[in-house]
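# Survey of secondary and tertiary structure
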Amino acid sequence: MAAIRLRDLFAVVMLFGIYSFVSASLFVVLDAVDVAFTEASVGAGVSTVFMLGALALTTSKEKPKSARKTLLPLLAVTITGLALVYGTWDIPAYGDPANPIHHHVVQRFIEDSPREIGIPNIVTSVLASYRGYDTLGETTVVFTAAIGVLLLIGGARRPSSGRDNAG
Amino acid sequence: MQILGHFNYWIFIILMMCGFYMVIASDNLIKKLVGLGIFQTSVFILYISMGKITGGTAPIVIDKAVVYSNPLPHVLILTAIVVGVATTSLGLALVVRIQEAYGTIEADEILAQDRDDSL
Amino acid sequence: MKHYTIPRVVTKLLLPLILLFALYVQFHGDYGPGGGFQAGVIFGAGFILYALIYGLDKARRLMPPQVLRVGVSLGVLIYAGVGLLGLLLGGQYLDYNVLDSHDPAHGQHLGILLVELGVGITVSSVMVTIFYAFAGRGR
C-alpha cells in the first residue's frame, strides 16, 4: 500500500507489477491455475511494460498535494469499506461446498463436459464452447481496444507546441 | 469459524478500498489508472475465492474422483484480465494524448487550464 | 539497451523458447492450463522483449505492423467464421457439434482448437500493436 504514498510513478508501476505477481500466486493457491497463468503473464509482464511505455512518454514524478485534499476521499473510502464489511455478513463462508455458487449450471459443466466436449480442461471447454458467444465478445473488445490505441497514438506525432493544438 | 470464514472478503475489501482511494484521491492520471488496476484485481480475487472449495483441486478432469473447484468464475476472470489490460492500455493512450495536448497529467492542472480557456 | 551484451545474448537464447512455449500453451490448452488468451500474451511478450532489447526498428522488420494489423482482424474473423461454418453446416451459431458428422465430441474438439487459435492470433497481435504504438510515439 506504499503505492498510495509514493510520489515516484516509476516505483508505483513496479509495485503494481509485483502486486500482480503476488496475486497470481494467490490464484494458484485458490486452484485457478488458468487464471494465475494469465495474471502472471498479463499483469506482471505486459501491462507493466505498457505502463512504463506511457511513463516514458509523460512524466515520472507526481507533484505533492495538500493534506486537506486527502481527508475527504479517506472518509468516503472508510465509509464505503465499512458498508462492504457489513455486507459480508450475509455472504456464505469461504470454501464451503454448500455455497449457492456451486449449485447451478456448474454441476452440469463438471459432470457432462468430459463426455460432451471430450477435453479434460473444464475451463477451456466452458470458455470456448459453452460460453462461446461471451468469448467472441471479449475478443472483439480486445480488437476494439487495439483499434482505439492505434487511432489515439498510432500515427506519427504532430509537431507539438505545448497546448496550442489542444483544440 | 464463522468469523474466519469471511477473511477473504475482508482482504478483498481492503485491497478494493486502497484502489478506490488511489482513484479518487490522487490527481495524477497514471496513478488513477494503477488504482483502477488494483481495484480490478481485488474483484478478481473476490470471484476466484468464491469459486474455491476446501479440499478441491484445479478443474482439469482426471480419472480419480476428486472435488473440483468451480470453473465458472475462472472463465469469467480469465477473459476479464485480458480485456482489463486492453482497456488499461487504451486509458494509457488517452493519458499520453492528454500529456501532449496539455503538457501535464495532473487532473487539477488540466481543469485549471480549461477554466482559463473558457474565461 | 543496444550496448549490453548479456541481455542481448540471453534474449537470443530465450526467444525461441518463449515462442515455442507460447505455441505449447496454445495447443495444449485442452489438456492442461492454458489457451488462446495466455498463449497470445506470451507470444506477444516474446516480440516485446525482442523490441525492448534490439530496438524498435529491428522488431518492426521482424514483425511488420501491416502483418499485425491483418492478424488483429484475422483472429476475430476466424472466431466468427467458425461460428458461421456451424451455421452453414446446419447447426446453430458457434455450435461445434456439426463440424464433424461422425462424432460430436470431435467436432467440439476441432471447434475449440480453431476458436482458441483465433483468440491467440488476435491477442498476440493486439499486444504487439499496442507496444509499437507506445514505443513509436516516443520518438
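The structure this text deals with has already been given above.
This text gives an overview of the structure that appears in the document.

Calculation rules
Residues numbered from 1 in each chain as written. Chains lettered and ligands numbered in written order. Predicted model: local features only at pLDDT ≥ 70, side-chain atom pairs only at ≥ 80, totals over all residues. Heavy atoms only, no water. Axes fitted to C-alpha atoms, helices over the stretch in contact; angles between N-to-C directions. Helix = DSSP H or I, 4+ residues; strand = E, 2+ residues; numbered from the N terminus. Parallel < 35°, antiparallel > 145°, perpendicular 65-115°, else oblique. Left-handed = near helix turned anticlockwise from the far one by under 90°. Contact = heavy atoms within 4.5 Å. Nonpolar A, V, L, I, M, F, W, Y, C, P; charged D, E, K, R; others polar. 1 Å grid on protein atoms, 1.4 Å probe; cavity = no way out; pocket = protein on both sides within 12 Å on 5 of 7 lines; lining within 4 Å. Points joined across faces, edges and corners; volume = space filled by probe spheres on them. Buried area = accessible area lost by both parts, 1.4 Å probe. Salt bridge = Lys/Arg side-chain N within 4 Å of Asp/Glu carboxyl O. Polar contact = N/O pair within 3.5 Å; in protein donor to acceptor, adjacent residues only side chain to side chain. Expected span 1.5 Å × (residues − 1). Buried < 20%, exposed > 50% of the residue type's maximum accessible area, 1.4 Å probe, protein only. Arc of directions from axis to C-beta. Phe/Tyr/Trp six-rings, centres within 6.5 Å; stacked < 30°, edge-to-face > 60°. Lys NZ or Arg CZ within 6 Å of the ring centre and 35° of its normal.

Between helix α7 (residues 132-153) of chain A and helix α5 (residues 104-137) of chain C, the shortest axis-to-axis distance is 10 Å and the interhelical angle comes to 20°. As judged from the angle between their axes, α7 of chain A and α5 of chain C are roughly parallel. Crossing handedness for the pair α7 of chain A and α5 of chain C: left-handed. Residues T135, T139, V142, F143, A146, V149, L150, L152 and I153 of chain A of α7 of chain A form the contact with α5 of chain C, whose participating residues are V119, T122, V126, T129, I130, A133, F134 and R137 of chain C. Looking at the contact of α7 of chain A with α5 of chain C residue by residue, the classes come out as 12 nonpolar, 4 polar and 1 charged.

This model, assessed by the stated rule, comprises 1 cavity of 30 Å³ or more. Of the voids in this model, the largest cavity is the one considered here, and its volume is about 140 Å³. Along the walls of the largest cavity sit 15 residues, with F16, G43 and S47 of chain A together with Q40 and V85 of chain B positioned nearest its centre. Of all the secondary-structure elements, those providing two or more residues to the lining of the largest cavity are α2 (9-29) and α3 (33-57) of chain A together with α2 (29-51) and α3 (71-102) of chain B. For the lining of the largest cavity, the element with the highest residue contribution is α3 of chain A, accounting for 5 residues. Broken down by class, the residue content of the lining of the largest cavity amounts to 6 nonpolar, 8 polar and 1 charged.

Think of interface size as the accessible area that goes away when the parts come together; that is how it is often given. In this assembly, 10 residues from chain C lie in contact with 11 residues from chain B. Here chain C and chain B share an interface that buries about 830 Å² over both sides, 79% of which is from carbon and sulfur atoms. Three residues stand out in chain C for area buried against chain B, namely F37, F134 and R137 of chain C, and they jointly supply 58% of the buried area on that side. Linking chain C to chain B there are 0 salt bridges. On the surface where chain C and chain B come into contact, there are 0 residue pairs in polar contact (both at pLDDT 80 or more). Mapped by element, the contributors of at least two residues to the side of chain C that touches chain B are α2 (36-54) and α5 of chain C. In terms of residues, the side of chain C that touches chain B owes the most to one element, α5 of chain C, which gives 5 residues.

All names here are of chain B. The end-to-end C-alpha distance of helix α4 (residues 107-118) is 17 Å, a good match for the 16 Å that 12 residues give at a rise of 1.5 Å each. Residues of α4 that are buried include every one of A107, I110 and Q113, and no others. End-on, the buried residues of α4 take up no more than an arc of 125°, which puts them together on one face. The exposed set on the far side of α4, more than 90 degrees from its buried face, consists of R115 and D116. Buried residues along α4 sit against α2 and α3.

All right, on to the packing of aromatic side chains then. All names here are of chain C. All chains considered together, the criterion is met by 7 aromatic pairs over all chains. Taken together, a centroid distance of 4.9 Å and an interplanar angle of 25° make the contact between Y50 and Y54 stacked. Taken together, the residues span about one helical turn, with Y50 and Y54 both in helix α2 at a distance of 4 residues. The residues Y50 and Y54 share a single accessibility class, namely buried. Stacked on the ring of Y132, the Lys or Arg R60 has its end atom at 5.3 Å from the ring centre.

What follows deals with the packing of α3 of chain A against α3 of chain B. Running from N to C, α3 of chain A and α3 of chain B cross one another at 0°; their axes reach a closest spacing of 10 Å. The orientation of α3 of chain A relative to α3 of chain B falls into the category roughly parallel. Contacts from D34, V35, T38, E39, V42, S47, F50, M51, A54 and L57 of chain A in α3 of chain A reach H74, I77, L78, I81, V82, V85, T88, S89, L92, V96 and Q99 of chain B in α3 of chain B. Classifying every residue of the contact of α3 of chain A with α3 of chain B gives 13 nonpolar, 6 polar and 2 charged.

Moving on, we come to the pattern of salt bridges. Pairs can form between side chains of opposite charge once their charged atoms are near each other. Residue and element names in this part refer to chain B. Going through the model one piece at a time under the given rule, you end up with 1 salt bridge over all chains. One salt bridge connects E100 with R97, and the closest N-O pair in it is separated by 3.9 Å. Placement of the pair is E100 and R97 together in helix α3, with a separation of 3 residues, close to one helical turn. For E100, a relative accessible area of 15% gives the class buried. When its relative accessible area of 27% is taken as the criterion, R97 is described as partly exposed.

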